[in-house]
Amino acid sequence: MITASSEPGSPEWWLTKLEAQLVRRRDGDNWTRTSSEIQKRPPLKVLDAYHRGEPPLPRASQNWAPAMREYLRTGRMNLAELCVSAVVHKMRPVGFRTAAESDVDGDERAAEIFRHNNLALRTRDFFTWGLAFGDSYIMVSPNPDDSGRPFITQEHPFECITSDDPITGAPRAALKLYHDDDLEEDRAYVFLPGQVHVATRGTGFNQPTSWDWNDGLSFALPNGLEDVIPVRHFRNENGTGDFEPHLDTLNRINETLFDRLSVQKYQAFSMRVFSGLPMQDGDGKDIDYSEIWSQDPGSVVTLGQITDDQDKPVSNAIQMFETTPVPMDPFRMAVLDDMKTFAVETSTPLHLITPDAAQGSAEGASLQREAGTWKTEDRRARGQQALAETMSLAFRFAGLDDRTDPTKIEVIWAPPERYSLAESAAAAQQLRSAGIPLETIAETTLQMSPEEISRMNQQLADEALRAPVTAGEANQVRRVAPNLTSNPNGQEQVDDGNDARAAA
């Protein structure tokens, strides 16, 4: 049984410590939207709700029927997911350059590991979680069937956490904790240098049982990896999600949306109001108009009798009028203004939030792109180290020691901006005329991936072999050797184009 009084630095001690940090970060500690503690972060479950488009419902009377919740849900807008995806779409690694192969095409072994683990999709989840929650993790695991192709998996911050060295940033220990639905048990993987300790516990109806080490699942990393903790941490700017500092803006947008929907719904039918109605019948009994009319859309209400200066009822002063509709434009403009504010706060391209922004000036569009590009460059710089160290670990697992230096591993990113075919062709022609190498033009201007550049080089080589021999080349061949040559068997043979080109 694992207890909290274990020796510091032991697997038991790290499991107890990291589990408490993971649960507190995920579930929070009595956090509410009205918390007065400035430094208190919302738990990851709250950020996940905003990112999924299910933020806390707008405040309303507690006496409202539960059926009203479905109506409240319509007063929410999911801008948090858009804020994150606008950057993630521009953070697409397509290859790696290493000390062994640093050309434009990238490292072939890195590309093989990249494709084997489908990192084109896995890295999207990796960066999405990092930008939404402030932290995300990526793990390298040995492949028992093919040691040259280790497994690389993205890890959700709900299930994974590391303790990083405050100076170097390297992990000192890591924990992956998840629930296995099929086995109906919790599993905890404690990663220490060269060792993976696995603990399990059953889950009862009320609370889980205590942790127990599972020696059958625990293992040591292969030889040469005694110092490795195969988990790497991506930390976003300030350790927070991109939209986390702007939850107040998102709440304000949702509150205004709900107010607009409420006004819109309850004035769908005009409400008729009577004034000056008698309050008593002929026998002097009070008249209860609530049994006749209710305060619903399309109904009528009473305001009571109209009196004169001496507070005497005026019996012939019965009046009826309809309420004046509340204009919707102020609500719509308020929401639009707050959406623009959110776009400015998060450097999100405004045309993604409001299509009307696409009709602005070219200078304004350029400034919007610059803000988004700067933000993307910052996030790429933060992700570069995590991916380079991950690929370095993968090379160590695969036994490729000539590629393991993470400082010499460069991530090849897909271009953040897309150019039109006409723009690319014109720019490529000008750069080629200036003497820029063809592969550099293909990568930066034509925005080709390493695989496409490699295929282009092969196609250029094939075209060169199939190219016809020019008249000048043929004349040069005739001066060097006759057209007809004899082979060892005494038969005459005519030089073909390839032989002529080789002689030239």
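All values derive from a computational prediction rather than experimental measurement.

(A) Structural context of the overall build of the protein. Secondary structure assignment for the protein yields 15 helices and 16 strands. The long-range share in the protein, meaning contacts at least 24 apart out of those at least 6 apart in sequence, stands at 64%.

(B) Broad picture of the packing of aromatic side chains. Taken as a whole and judged by the stated rule, the model has eight aromatic pairs. Look at phenylalanine 133 and phenylalanine 158: their rings are 5.9 Å apart centre to centre, the planes differ by 35°, and that puts the pair in the tilted class. In this pair, phenylalanine 133 sits in helix H6 (residues 119–133) while phenylalanine 158 sits in the loop between strand E3 (151–155) and strand E4 (160–164), placing the two residues 25 residues apart along the sequence. Aromatic ring contacts, followed pair by pair, group Phe126, Phe127, Phe234 and Trp413 into a single cluster.

(C) Quick peek at helix H8 (residues 329–346). In a regular helix each residue adds 1.5 Å, so 18 residues correspond to 26 Å; H8 covers 26 Å between its end C-alpha atoms and thus fits that length. Those residues of H8 that sit buried are Phe331, Val335, Leu336, Asp338, Met339, Phe342, Ala343 and Thr346. Burial along H8 is one-sided: seen end-on, the buried residues are contained in an arc of 165°. Summarising the geometry of H8, the exposed residues directed more than 90 degrees from the buried face are Pro330 and Val344. Serine 347 sits one or two positions beyond H8 and adopts a positive phi of about 55°.

(D) Inspection of the sheet that holds E3 at higher detail. The three strands lie next to each other as E3-E2-E10, forming an open sheet whose pairing is antiparallel. The sheet terminates laterally at E3 and strand E10 (231–235), the two strands that pair on one side only. Each neighbouring strand pair of the sheet contributes to a mean axis angle of 20°, computed without reference to strand direction. Here strand E2 (residues 135–141) pairs with E3 via five bridges, running antiparallel. Counted as the bridge partner of tyrosine 137 is glutamate 155 from E3.

(E) Structural detail: the side chain of threonine 390. Tracing the backbone shows threonine 390 in helix H10 (residues 362–398). Among the residues examined, threonine 390 registers a relative accessible area of 3% and is labelled buried. If we skip the residues at most four places from it in the chain, threonine 390 touches Ile138, Val140, Ile152 and Arg232.

(F) Highlighting the pattern of salt bridges. A complete count under the given rule lists 26 salt bridges for this structure. The residue arginine 379 makes a salt bridge to glutamate 237 at a minimum N-O spacing of 3.2 Å. Separated by 142 residues along the polypeptide, arginine 379 in helix H10 and glutamate 237 in the loop between E10 and helix H7 (247–266) bring together distant segments of the chain. Taking relative accessible area as the criterion, glutamate 237 reaches 33% and is therefore assigned partly exposed. Note that aspartate 402 is salt-bridged to arginine 403, the shortest N-O span being 3.3 Å. Connected via shared salt-bridge partners are Glu237, Asp242, Lys375, Asp378, Arg379 and Arg382.

(G) Broad picture of unusual backbone geometry. The backbone of asparagine 118 shows a phi angle near 50°, a positive value even though the residue is not glycine. A positive phi angle, close to 55°, is found at serine 347, a residue other than glycine.

(H) Fine view of the packing of helix H2 (residues 44–51) against H6. Where H2 meets H6, the closest approach of the two axes is 10 Å, and the angle between their N-to-C directions is 110°. As far as their axial angle goes, H6 and H2 are roughly perpendicular. By crossing handedness, the relation of H2 to H6 is classed as right-handed. Here H2 contributes Leu44, Leu47, Asp48 and His51 to the contact with H6, which in turn contributes Thr128, Ala132 and Phe133. Looking at the contact of H2 with H6, its residues break down into four nonpolar, two polar and one charged.

(I) Seen up close, helix H13 (residues 450–466). For H13, spanning 17 residues, the distance from its first C-alpha to its last is 25 Å, which sits close to the expected 24 Å at 1.5 Å a residue. When we look at burial in H13, the residues that qualify are Pro450, Ile453 and Met456. Burial along H13 is one-sided: seen end-on, the buried residues are contained in an arc of 115°. Opposite the packed face of H13, turned more than 90 degrees from it, sit the exposed residues Leu465 and Arg466. Close packing links the buried residues of H13 with strand E1 (93–97), strand E14 (410–413) and helix H12 (438–444).

Rules of the game
Residues numbered from 1 in each chain as written. Predicted model: local features only at pLDDT ≥ 70, side-chain atom pairs only at ≥ 80, totals over all residues. Heavy atoms only, no water. Helix = DSSP H or I, 4+ residues; strand = E, 2+ residues; numbered from the N terminus. Contact = heavy atoms within 4.5 Å. Phe/Tyr/Trp six-rings, centres within 6.5 Å; stacked < 30°, edge-to-face > 60°. Expected span 1.5 Å × (residues − 1). Buried < 20%, exposed > 50% of the residue type's maximum accessible area, 1.4 Å probe, protein only. Arc of directions from axis to C-beta. Pairing = 2+ DSSP bridges. Axes fitted to C-alpha atoms, helices over the stretch in contact; angles between N-to-C directions. Salt bridge = Lys/Arg side-chain N within 4 Å of Asp/Glu carboxyl O. Parallel < 35°, antiparallel > 145°, perpendicular 65-115°, else oblique. Left-handed = near helix turned anticlockwise from the far one by under 90°. Nonpolar A, V, L, I, M, F, W, Y, C, P; charged D, E, K, R; others polar.

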